[in-house]
Amino acid sequence: KGNSSWFLGAPSLKAGYEYQHNSRDVKIWSTSGMRANFASGIPASVNTYLVTVTQTHDSEGSDVPWLYSPREKVSGTFIQDQWAVHRRVNVNIGLRFDTQSSLLGQTCRPDTVFLAGQCYAGVEAPSFKDVAPRFNVVWDVSGDGRTAVKFAANRYNQPIAVQIVERLNPLAGGNNLGQASSVTDQ
């Protein structure tokens, strides 16, 4: 993350850039779990599930490999300025430009007693680019700094890139229990 500031007399200009590269590594194995579905007491179908791993080794002590690892890149560039338009009124105006992208490499479903393993091609989720304006005014009512009235109208973008690519993942489970996350700022 980076941030630079310049102070030029009464206005105060500030600009910066932020970058994040995030990943969420997931281990899943099959316990050949089944759920029987009944209709009026008569078996109608059977669902099989992959279960999220809550330990790092199987029953023989072998390491359970990562099954999939979605990645996201989030960056933001911003500029803001502050003015004292009156001795008791300050105005802050800013603009931020955010980008988000995510991808998931090839994933493979392991063999189970019911189904042969299968590999799926990698997928890249749609990228997002958006501008988020910032504006606020602070009025010092009595001029002594003890009572202030503040007004703000800002827009904030929620980073959702990994969540989107995980929804496109054919191997993603129904819950996120047991997932190991790692975040790397660069």
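Up top is the structure.
Residues numbered from 1 in each chain as written. Predicted model: local features only at pLDDT ≥ 70, side-chain atom pairs only at ≥ 80, totals over all residues. Heavy atoms only, no water.

Trainee: I'm lost on the overall build of the chain in this one. Help?
Mentor: Scanning the chain for helices and strands turns up 1 helix and 12 strands. Within the chain, buried positions represent 24% of all 186 residues. For the chain, restricting intrachain contacts to residue pairs at least 6 apart in sequence, the fraction spanning at least 24 positions comes to 62%. As displayed, the chain offers around 12,200 Å² of accessible surface, 55% of which is attributable to carbon and sulfur atoms. (Helix = DSSP H or I, 4+ residues; strand = E, 2+ residues; numbered from the N terminus. Buried < 20%, exposed > 50% of the residue type's maximum accessible area, 1.4 Å probe, protein only. Contact = heavy atoms within 4.5 Å. Areas by Shrake-Rupley, 256 points an atom, 1.4 Å probe, with all protein chains shown as cover.)

Trainee: Explain the pairing of strand β10 (residues 128–140) here, please?
Mentor: Within a regular strand, the side chains alternate between the two sheet faces. Strand direction decides the pairing type here: strand β6 (residues 89–104) and β10, joined by 12 bridges, are antiparallel. The residue bridging leucine 95 from the neighbouring strand is proline 133, located in β10. Pairing geometry for β10 and strand β11 (residues 148–152), over 5 bridges, is antiparallel. When the sheet's bridge partners are listed, valine 138 is paired in β11 with lysine 150. (Pairing = 2+ DSSP bridges.)

Trainee: Teacher, can you tell me more about the environment of tryptophan 83 here?
Mentor: Checked against the element boundaries, tryptophan 83 lands in strand β5 (residues 71–86). C-alpha of tryptophan 83 to C-alpha of valine 137: the two residues are 54 residues apart in sequence and 9.7 Å apart in space.

Trainee: Please explain the pattern of salt bridges as it appears in this structure.
Mentor: Pairing between side chains of opposite charge can happen when the charged atoms of each approach one another. Inspection of the entire model under this criterion finds 3 salt bridges. Two residues, glutamate 18 and arginine 96, come together in a salt bridge whose shortest N-O distance is 2.7 Å. Within this pair, whereas glutamate 18 is found in strand β2 (residues 12–25), its partner arginine 96 is found in strand β6, the two being separated by 78 residues in sequence. Judged by relative accessible area, glutamate 18 falls into the partly exposed class, the value being 26%. The salt bridge involving arginine 155 is made with aspartate 130; its shortest N-O contact spans 2.6 Å. One end of the pair, arginine 155, is in the loop between β11 and α1 (161–167); the other, aspartate 130, is in strand β10, and 25 residues separate them in sequence. Judged by relative accessible area, aspartate 130 falls into the partly exposed class, the value being 25%. Each of Glu18, Arg96 and Asp98 takes part in a single network of salt bridges with overlapping partners. (Salt bridge = Lys/Arg side-chain N within 4 Å of Asp/Glu carboxyl O.)

Trainee: Explain the environment of lysine 14 here, please?
Mentor: One can find lysine 14 in strand β2. The sequence separation of lysine 14 and glycine 94 amounts to 80 residues, and the corresponding C-alpha distance is 9.0 Å.

Trainee: I keep staring at the environment of aspartate 144 and nothing clicks. Help me out?
Mentor: Residue placement: aspartate 144 occurs in the loop between β10 and β11. For the pair formed by aspartate 144 and arginine 88, sequence separation is 56 residues and the distance between their alpha carbons is 8.9 Å. Within the local environment of aspartate 144, its side chain forms a polar contact with the side chain of serine 142, the two groups lying 2.5 Å apart. Polar contacts involving the side chain of aspartate 144 include one to the main-chain amide nitrogen of arginine 146, which spans 3.0 Å. (Polar contact = N/O pair within 3.5 Å; in protein donor to acceptor, adjacent residues only side chain to side chain.)

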